[in-house]
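# Examination of the molecular architecture
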Amino acid sequence: MSLPVVTIDVDYDAEKERIKQFLSTFTSQDKDLVDGMADIDLHDDDSTHTRTKNVKYMNQLQRIANREQEMLVIDLEDISEHERTVAELVSRIRRNARRYVSLFSDVVDELMPQPTKDISEHDEVIDVILHQRRERNERMEGVQEGFPAHLLRRYNLYFQPLRSDIAMAVRDVKGAHLGRLITVRGIVTRVSEVKPLLRVNAYTCDVCGSETFQDISRKDFQPILDCQNEAECKKNGIHGTLHMQTRACRFSPFQEVKIQEMADQVPVSPGDIVHLGGIFLPIPYTGYQAIRAGLLTDTYLEAHHIHQLKKQYNAMEITPEIQRAIDSLRDDPQLYMKLAQSIAPEIYGHLDVKKALLLLLVGGVTKTMGDGMKIRGDINICLMGDPGVAKSQLLKYISKVAPRGVYTTGRGSSGVGLTAAVMRDPVTDEMVLEGGALVLADNGICCIDEFDKMEESDRTAIHEVMEQQTISISKAGISTTLNARTSILAAANPLYGRYNPKISPVENINLPAALLSRFDLLFLILDKPTREDDEHLAEHVTYVHMHNTHPEFDFELIDPTLIRHYIARAREHRPTVPAEVSNYIVETYVRLRKVSKDDEAQKKSHTYTSARTLLGVLRLAQALARLRFSNEVAHADVDEALRLMEVSKRSLDDDEDEAHDHDRSDVSKIFRLIKEMAKQAQTGKKGRRTRGSKRFGRGPQGERDMDVDSDEEENAEELSMVDIRSRVLTSGFTEAQLMETIIEYERLDVWTRVANNSKLRFIESD
């Protein structure tokens, strides 16, 4: 019983005429500069050329004829614009895309112009064969042997979907979409290398020497064995044997992209998020698989267009509106605070943690030495804490904000799942590497939840990534090094589920010291019951549940898209460390080492200060300078980096010690900040006094210079209100909090305002 014939009311000859009219007359309004310059002919004054040189697709056909272009992309937006009154052609292309690829190709073959320059240098073997075949056809009257259409085409034709097309989920693609032009949203997990796909197979006969061409439309085919030449072999009853001639075959570039469902559809390891526009088609099984499958067929998407959603920082396109918003943000004195509070605003508190995560997104400067040694600029952070303190939510938010973010869990990812697995390619049967979470997060952020639940053998795979930022693989005959230039954001629970204050933090954490030293910051977030904090937290959570949004702030939060664009601009800067800041960092590092040594002697140390601590301070300071769009690291950047380092270390101390609980108010924090500025100013004056005495030596002139330095030292306790305001607002405090602090300590006779309230003088120095 034969299949029923379905009559479709479409006149394909009329369709070809419409396609021909579109290709030959459509004029693009937004031609790019390269195409426009390519169309200018300085030596041609013909008015006909002037009238046709703006025709978009005819210009492309001319470049294809001149062997300057190989890909012809038909934009459905152009057809929709051309067919404003009659839009049926676009809808028919979307319903039956495979047929219209053939129709457009036939029309392109008719419209293909002659080359306007000498293309003999691009001749291939097939060009020589075609030239000889045409000459033989002319000599032999009545014999006109045709050629397969693919053999004569020097282009590949694709459709670009409409911009209004809605991307479908992978599991929503059904059998009803066969043959249609659809757009699918998924995550790229593997991309094969570009291989040649056979389109036309060429044979030569060992008896008559004639060529035979076989048009191939599938991935598998049955080779022709006997010569098909009517004038020679068949006429004389000879069965000539055909031999395949690879150099005369026609190949098209072929590349396989494997995608899987989005993370919000099923739990998978994400990579790039893309829109794929193409034709959904069936493909039968072959070989033993065909026997097992029976009537079943596999399906695939013939991709015609790929649109990447979350682009890399350097590929993001900035609109004028975003540019204006970035410029206004840059001049905001509370930029640091606003950006930090705009990270996961639905999560209550954790301001210092959010500041650290902001610097994680910005990152430091990666340096490559002349001998090939690389110093990483990516920042690694570990969040350790009790259950229910929103560690996982922070990780999820960061993975979404980052242009390339991967979220995975320690229990759900083995060492192979984190680094790379050796797989056998189902198409070529070769052993290939399939990247894990760390490879997919290259030039991005890898968020690893349940870090403490990982097996020890799997956790060792991260050591190389966190410092060297590479993954060395030697499996199944494949020895290579993969890039894993990623920041690690890990979250873990204490050993006993909740933090046990009766034992040391080292015993609570239960992570090896070699791994902990690779984290620039390690925060311990505890869930301690206090009436004030619990009340604020409960009010915050209930507000979010009632209104489906965060509570109102005293300023307008920054949109995640704007945050991403601002960070992209900030990462363009490569700040350096000036000499005076370098000396300050050296002195601070020596002091931290001494404090660490004293704590170890008294057995109070829970972490140790190493050279990695120094590099961590530099990375954090560079990230802060990038936020200001500055090319130099300032003292304030180093101080804030040290403060975050101190906050992270202090979180590991025993919180029952009341020494840290006496002054946690904002007023006390601002006072300590101003006091540190006074100490820095005094240190600078002493340094200048010492250098002055060495330079001038003894004598009357030297004594006078010493007197001047002594006067400066007396005024070292005077600070400019402009500097104080800039430093305090940059640290995340408000103008009202600053004035409250100044008035409070004026009342206590600690300082006083002088010089018409433009300076602050410490009274205790007098």
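Residues numbered from 1 in each chain as written. Predicted model: local features only at pLDDT ≥ 70, side-chain atom pairs only at ≥ 80, totals over all residues. Heavy atoms only, no water.

Per an unreviewed UniProt entry, the protein chain is named DNA replication licensing factor MCM7, and its organism is Trametes cubensis. Entered under Subcellular location (unreviewed entry) in the UniProt record, the comment concerning the protein chain runs "Nucleus". (UniProt positions renumbered as here; feature names shortened; annotations may be inferred.)

## As for the pattern of salt bridges
Counted according to the given criterion, the structure contains 20 salt bridges. The salt bridge partner of Arg 727 is Asp 639, with a shortest N-O separation of 2.6 Å. With Arg 727 in helix α29 (residues 721-730) and Asp 639 in helix α26 (residues 635-650), the pair connects residues that are 88 residues apart, well separated along the chain. We classify Arg 727 as buried; its relative accessible area is 9%. Take Asp 639: its relative accessible area is 9%, and that puts it in the buried class. When salt bridges with common partners are traced through the structure, they connect Glu 15, Arg 18 and Arg 92 into a single cluster. (Salt bridge = Lys/Arg side-chain N within 4 Å of Asp/Glu carboxyl O. Helix = DSSP H or I, 4+ residues; strand = E, 2+ residues; numbered from the N terminus. Buried < 20%, exposed > 50% of the residue type's maximum accessible area, 1.4 Å probe, protein only.)

## Considerations on a nonpolar patch on the surface
A contiguous nonpolar patch, built from Val 191, Val 257 and Ile 306 and spanning about 240 Å² of accessible area, is present on the exposed surface. Note that Ile 306 resides in strand β10 (residues 297-308). (Patch = residues over 30% accessible without salt bridge, like charges linked within 9 Å, V, L, I, M, F, W, Y side chains within 5 Å. Areas by Shrake-Rupley, 256 points an atom, 1.4 Å probe, with all protein chains shown as cover.)

## A short note on a negative patch on the surface
On the surface, a cluster of negative charge is contributed by Asp 527, Glu 532, Asp 533, Asp 534, Glu 535 and Glu 539. Counting through the fold element by element, Asp 527 comes out in the loop between β21 (521-525) and α22 (531-547). (Lys, Arg positive; Asp, Glu negative; His and termini not counted. Charge placed at Lys NZ, Arg CZ, Asp CG, Glu CD.)

## Structural notes on the sheet that holds strand β22 (residues 718-720)
Pairing in this open sheet of three strands is antiparallel, and the strands run β22-β24-β23 from one edge to the other. Of all the strands in the sheet, the pair left with one neighbour each is β22 and β23 (751-754). Averaged over all pairs of adjacent strands, the angle between strand axes in this sheet comes to 25°, irrespective of strand direction. Alignment of β23 against strand β24 (residues 759-762), held across four bridges, turns out to be antiparallel. Directly across from Thr 752, in β24, lies its bridge partner Arg 761. On top of the sheet, α29 reaches β22 and β24; it is set at about 65° to β22, its chief contact. (Pairing = 2+ DSSP bridges. Axes fitted to C-alpha atoms, helices over the stretch in contact; angles between N-to-C directions. Contact = heavy atoms within 4.5 Å.)

## Observations regarding the nonpolar core
If you look at the biggest cluster of nonpolar residues, it comprises 60 residues, and the most contacted ones within it are Leu 359, Ile 381, Ile 398, Leu 489, Phe 523 and Val 638. Broken down by element, the residue count for this core peaks at eight residues, all from helix α14 (residues 351-362). Grouped together as the second largest cluster of nonpolar side chains are 31 residues, Phe 451, Met 454, Ile 471 and Phe 519 included. (Core = buried A, V, L, I, M, F, W, Y, C linked by side-chain atoms within 4.5 Å.)

## Some details on the side chain of Arg 376
Mapped onto the secondary structure, Arg 376 falls in the loop between β12 (374-375) and β13 (381-385). Apart from residues lying up to four places away in sequence, Arg 376 is in contact with Val 365, Thr 366, Met 466, Glu 467, Gln 469, Arg 518, Asp 520 and Arg 619.

## Topic: empty space enclosed by the protein
Vacant regions in the atomic arrangement are exposed by a probe of water-molecule size rolled over the atoms. Enumeration over the complete set of coordinates arrives at two cavities of 30 Å³ or more. Considering only enclosed or pocket space, the largest cavity measures out at about 50 Å³ in volume. For the lining of the largest cavity, the secondary structure elements donating two or more residues are α24 (579-601), α25 (611-627) and α26. If one sorts the elements of the lining of the largest cavity by residue count, α24 sits on top with four residues. Class assignment for the residues of the lining of the largest cavity results in seven nonpolar, two polar and no charged. (1 Å grid on protein atoms, 1.4 Å probe; cavity = no way out; pocket = protein on both sides within 12 Å on 5 of 7 lines; lining within 4 Å. Points joined across faces, edges and corners; volume = space filled by probe spheres on them. Nonpolar A, V, L, I, M, F, W, Y, C, P; charged D, E, K, R; others polar.)

## Re helix α12 (residues 320-330)
If you check which residues of α12 are buried, you get Ile 322, Ile 326 and Leu 329. Buried positions in α12, seen along its axis, are confined to an arc of 65° and lie on one side of it. Every exposed residue of α12 that faces more than 90 degrees away from the buried side is listed here: Pro 320, Glu 321 and Arg 324. Residues of α12 that are buried make contact with α13 (335-341) and α23 (560-570). (Arc of directions from axis to C-beta.)

## Observations concerning the pairing of β13
Of all the five residues making up β13, five are buried; the element is thus mostly covered by neighbouring parts of the structure. Neither face of β13 is open: one carries Ile 381, Leu 383 and Gly 385, the other Cys 382 and Met 384, and all of them are buried. Relative to strand β20 (residues 487-492), β13 runs parallel, the two being bridged by four bridges. Bridging from a neighbouring strand, Cys 382 pairs with Ala 490 of β20. With five bridges joining them, β13 and β21 adopt parallel strand pairing. Considered in β21, the bridge of Leu 383 is made with Phe 523.

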